[in-house]
Amino acid sequence: MTEYGRGRGSEPWHPEDPYYGDGGWEGQQAQPGQQSPHGGQPQHYPEQPQQPQYGDWGTGQQAGYGQAQQEYPQQQYPHQYDQQQHYQGQGQQGYDGGWGTGTHAHVQYTDPSDPYGQQSASYGEQQPDSYGTPEAYPPPEPPSRRRAEPEPRPDWDPGPDQGEHAFFAGGDDDDDFDDEPGRRRGRGDRRGRGGKGGKKRRSGCACLVVLLVFGGGIAGVGYVGYQFYQDRFGDAPDYAGSGNGEQVTVEIPKGAGGYAIGQELKAKGVVKSVDAFVAAQQQNPKGNSIQAGVYTLEKEMSADNAVDMMLSPESQNNLIIPEGTRNVAVYKLIDARLELDKGTTAKVADEEWKSLGLPEWATNHKNVKDPLEGFLYPSSYPVAKGQKPEAVLKQMVARATEKYEALGLEKKAEGLGLDNPWQLLTVASLAQAEGTSHDDFRKMAEVVYNRLKPGNPETYGSLEFDSTYNYIKNQSKIDLTIAELRQYNNPYNTYYVKGLPPGPIDNPGEQALKGALNPTDDGWYYFISLDGKTSKFTKTLAEHEKLVEQFNASRNND
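Residues numbered from 1 in each chain as written. Predicted model: local features only at pLDDT ≥ 70, side-chain atom pairs only at ≥ 80, totals over all residues. Heavy atoms only, no water.

J.: Tell me what's going on with the pairing of strand 1 (residues 247-252), and back it up with residues and numbers.
T.: Burial along strand 1 is one-sided: the residues Val-248, Val-250 and Ile-252 are buried and none of Gln-247, Thr-249 and Glu-251 is. Alignment of strand 1 against strand 2 (residues 293-298), held across six bridges, turns out to be antiparallel. For Val-250, the partnering residue across the bridge sits in strand 2 and is Tyr-295. (Buried < 20%, exposed > 50% of the residue type's maximum accessible area, 1.4 Å probe, protein only. Helix = DSSP H or I, 4+ residues; strand = E, 2+ residues; numbered from the N terminus. Pairing = 2+ DSSP bridges.)

And the structure:
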């Protein structure tokens, strides 16, 4: 046999041979009436002449068939070759007896155990292409067409974690073998791609998806990095200017710090960010002095302007209750702020005082003119149009109750010789009404405690405070005669009734309360203010009368 396995031949393959390198070579003989599977023309073997389909059977060989079967006994057809030999010994007689002429009635022999037993043994019928089946080995090729044996690859797709993804596999053209006429993909090609029948193609959509994924990731990382930089090193978002002209009322709750205030301002559209306001407040030397209350500001203000405006008295829209203010005056202030008819708040207080939150020790006292007197605590309150008067009164009562509990009125009243905290609150209101400064309150409280003593040698239990008479008269006069004071019969008139009045006569501030809780112990019984700013205290009536003469002389000179 030659190196090509096609039988004997004395001449080598010449490059000028017209069939040299023919792509149609697939290792099988073309048959009349049958197209070559690759070239479209019948194949001829150059080293041997064409023979008729049915040769001289007398020679003991079959043209094309027997020879083709003997070429590859070790590769593809071992069972078929053995079956052929079996036929020669048993079923086919007269091979040497003159079968050269005439016809031969061919009988099909099959073996159930032979996978090729169903094939036709003659060339009279269409012979199947044994090299074109999926299970066939690649056919022999001329030297110029031979390729290296592909490395064996598993029939499974290793996946992205154990093998190289098809997207990153080598090779620029996927159709190198598809575009060449007559070429078929062999078994090795299919197995090399996981048995799926073709290479995984690099898809434009896949490239786009990968690009979008990587691009989105880069953009996300960049955004996070930018936000991190802005949070750590960048300036906080802020408006420019002093506002857009649209006014807005902002209520700052009690105890609110910089961030809480900034949140309130941002919610109302005053500042653009909380951080900007906090930074501006910290940079302002007086920034920490911003108090709770109601402020009238403008929208879209810069943080610096917002801080400056809140520090200005012009922006503070709080209702301020001064120390020592009587309830009748507080009611009028509330009516004016809420733009209500005069007397509206006073009526609500008279009808609903029991539901406004008074502590138990402040109720059920006889002859009290106003049960809320002493509980509208002096402070700054966020009050704006649209609120209900009862809501404002509740704020004030709650503030007073909180303050009195913190100072310990209920616990310390008995230690001061009083019956209950209600009396202690009344003492503080008297000190507030008669005192002219914070320095007076402790001395003034001692005067009250000393005069309340039934056996004291100066007043014998009578207070004789002008302020109590003025309270019941709803006035604030200085020039009052003793005859007038002693003749007016009223529980609040301490010239007429011994002891404390039925209840507080005003709303004392914190300093007056502390003075009532911690009075001096110097023996003071009398006091007088010569200039309206300070008070002079004495221990005896004689000393007090000298001061009165001095005071009258100064007034006559004026």
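That covers the picture; the talk isn't over yet.
J.: Lay out unusual backbone geometry in plain terms, naming residues and giving numbers.
T.: Even without being a glycine, Glu-339 presents a positive backbone phi close to 55°. For Glu-339, the position within the fold is in the loop between helix 9 (327-338) and helix 10 (344-352). Even without a glycine there, the phi angle at Asn-364 is positive, about 65°. With respect to the secondary-structure elements, Asn-364 resides in the loop between helix 10 and strand 4 (380-381). The exposure class assigned to Asn-364 is exposed, which follows from its relative accessible area of 76%.

J.: I'd like a description of the environment of Gly-515, backed by residues and values.
T.: Its place among the elements puts Gly-515 in helix 17 (residues 510-517). Take Gly-515: its relative accessible area is 1%, and that puts it in the buried class. Sequence separation of Gly-515 and Gln-432 is 83 residues, and the distance between their C-alpha atoms is 9.2 Å. Those residues in contact with Gly-515 that sit more than four places away from it in its chain are Phe-441, Arg-442 and Ala-445. (Contact = heavy atoms within 4.5 Å.)

J.: Explain the packing of helix 7 (residues 274-283) against helix 8 (residues 303-311) to me, using residue names and the numbers behind them.
T.: Their axes nearest at 8 Å, the elements helix 7 and helix 8 cross at an angle of 55°. When the axis of helix 7 is compared with that of helix 8, the two are oblique. In terms of crossing hand, the pair formed by helix 7 and helix 8 is right-handed. Across the interface between the two elements, Ala-276, Phe-277, Ala-280 and Gln-281 of helix 7 pack against Ala-303, Asp-304, Val-307 and Met-310 of helix 8. For the contact of helix 7 with helix 8, the per-class residue count stands at six nonpolar, one polar and one charged. (Axes fitted to C-alpha atoms, helices over the stretch in contact; angles between N-to-C directions. Parallel < 35°, antiparallel > 145°, perpendicular 65-115°, else oblique. Left-handed = near helix turned anticlockwise from the far one by under 90°. Nonpolar A, V, L, I, M, F, W, Y, C, P; charged D, E, K, R; others polar.)

J.: I'd like to hear about helix 6 (residues 258-267), residue by residue, with values.
T.: Every buried residue of helix 6 is listed here: Gly-258, Ile-261, Gly-262 and Leu-265. The arc enclosing the buried residues of helix 6, seen along the axis, measures out at 100°, which places them on a common side. In helix 6, the exposed positions that point more than 90 degrees away from the buried face belong to Gln-263 and Ala-267. Of the residues flanking the end of helix 6, it is Gly-269, one or two places downstream, whose phi is positive at about 80°. (Arc of directions from axis to C-beta.)

J.: Let's hear about helix 7: which residues, and what values?
T.: All buried positions along helix 7 are accounted for by Val-274, Ala-276, Phe-277, Val-278, Ala-280 and Gln-281. Buried-residue contacts for helix 7 involve helix 6 and helix 8. Two or three places before Ala-276, at the opening of helix 7, Ser-273 has a side-chain oxygen 3.2 Å from that residue's backbone nitrogen. (Polar contact = N/O pair within 3.5 Å; in protein donor to acceptor, adjacent residues only side chain to side chain.)

J.: Pulling in residues and values, what's your account of the nonpolar core?
T.: Membership of the largest hydrophobic core comes to 55 residues, with the highest contact counts inside it found for Phe-375, Met-396 and Tyr-404. At the level of elements, helix 9, helix 10, helix 11 (389-407), helix 13 (421-434), helix 14 (441-452), helix 15 (466-473) and helix 17 are the ones that each hand at least two residues to this core. Sequence-distant contacts of Phe-375, that is, excluding residues within four places in its chain, are made with Leu-358, Pro-359, Trp-361, Ala-362, Met-396, Val-397, Ala-400, Thr-401, Tyr-404, Trp-422, Leu-425 and Asn-507. Grouped together as the second largest cluster of nonpolar side chains are 18 residues, Ile-252, Val-270, Val-271 and Ala-280 included. (Core = buried A, V, L, I, M, F, W, Y, C linked by side-chain atoms within 4.5 Å.)

J.: Lay out the side chain of Thr-345 with the relevant residues and their values.
T.: Along the chain, Thr-345 falls in helix 10. Polar contacts involving the side chain of Thr-345 include one to the side chain of Asp-335, which spans 2.5 Å. Non-local contacts of Thr-345, meaning those with residues more than four positions away in its chain, are made with Tyr-331, Ile-334, Asp-335, Leu-340, Pro-389 and Leu-393.

J.: Describe the packing of aromatic side chains, with residues and values.
T.: Following the criterion strictly, the structure yields eight aromatic pairs and no others. Counting every residue linked through ring pairs, the aromatic cluster contains Trp-361, Phe-375, Tyr-377 and Tyr-404. The positively charged end of Lys-369 is found above the aromatic ring belonging to Tyr-471, 4.7 Å away from the centroid. Over the ring of Trp-524 we find Lys-539; its NZ or CZ atom is 5.4 Å from the centre of that ring. (Phe/Tyr/Trp six-rings, centres within 6.5 Å; stacked < 30°, edge-to-face > 60°. Lys NZ or Arg CZ within 6 Å of the ring centre and 35° of its normal.)

Taken by themselves, the reported measurements are silent on function.
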